[in-house]
Amino acid sequence: MTRILGIDPGSRKTGYGLIDIQRGGAVYVASGVVRIPDDPLPERLKLIFDAVSQIASQYRPEHMAVENVFMSKSAGSALKLGQARGAAIVAGTHAGLPVAEYEARKVKQAVVGNGAADKLQVQHMVKTLLRLPAAPQEDAADALAVALCHMHTMQTLIQTAGSGRSRFRRGRLTIS
């Protein structure tokens, strides 16, 4: 079993989602949204770092996957989003996790089958793929989608490396 922590970073709201890979399929573990108060940016970044660190400590994932920064309406917004991503990534690496980064289009392609899917489509597919009773909150669904994208990427790497000749051990790909 491998546990993956997905992160949808934001300077106001950071979504997180955890899945386990069991027998090639994904099993829901937990998800939620860290709401960041309207404090100065350095304090918000510390809260993101602390929250991701606490989640990693509590759930003990073996991998972390983060959504890449996309172009936004303003350079200031993109910079803040990049800093929020950085705080989350540092928390993951501080916890000893390998961190993978995925562009939003790749995440949507992996989960919905369409790189231009909207948020409602992502929520619906996350609910369906993880057999959840209801759609998760928007940011939590995005984080779970990032984790699912990472799972698909790992499975593709294993298949590419050779049928039955590779496996993941303690979060690392081993090819024999």
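The shown structure was predicted, so the numbers you read here are calculated from the model rather than taken from an experiment.

Asks: Lay out the sheet that holds strand β1 (residues 2–8) in plain terms, naming residues and giving numbers.
Replies: One open sheet holds the five strands; their spatial order is β3-β2-β1-β4-β5, and the pairing between them is mixed. Edge positions in the sheet fall to β3 (25–35) and β5 (99–102), since each of these pairs with one other strand and no more. Neighbour-to-neighbour, the strand axes of the sheet open up by a mean angle of 20°, direction not taken into account. Judged from the four bridges that link them, strand β4 (residues 63–67) and β5 form a sheet pairing that is parallel. Note that in β5 the partner of V66 across the bridge is E101.

Asks: Give me the lowdown on the packing of helix α1 (residues 41–59) against helix α2 (residues 75–94), citing residues and values where you can.
Replies: At a minimum axis distance of 8 Å, the contact between α1 and α2 shows a crossing angle of 35°. Between α1 and α2 the crossing geometry is right-handed. Here L41, L45, I48, F49, V52 and S53 of α1 come into contact with α2, specifically with K80, Q83, A84, A87, A88, V90, A91, G92 and H94. For the contact of α1 with α2, a count of residues per class yields ten nonpolar, four polar and one charged.

Thresholds, definitions, all that
- Residues numbered from 1 in each chain as written.
- Predicted model: local features only at pLDDT ≥ 70, side-chain atom pairs only at ≥ 80, totals over all residues.
- Heavy atoms only, no water.
- Pairing = 2+ DSSP bridges.
- Helix = DSSP H or I, 4+ residues; strand = E, 2+ residues; numbered from the N terminus.
- Axes fitted to C-alpha atoms, helices over the stretch in contact; angles between N-to-C directions.
- Left-handed = near helix turned anticlockwise from the far one by under 90°.
- Contact = heavy atoms within 4.5 Å.
- Nonpolar A, V, L, I, M, F, W, Y, C, P; charged D, E, K, R; others polar.

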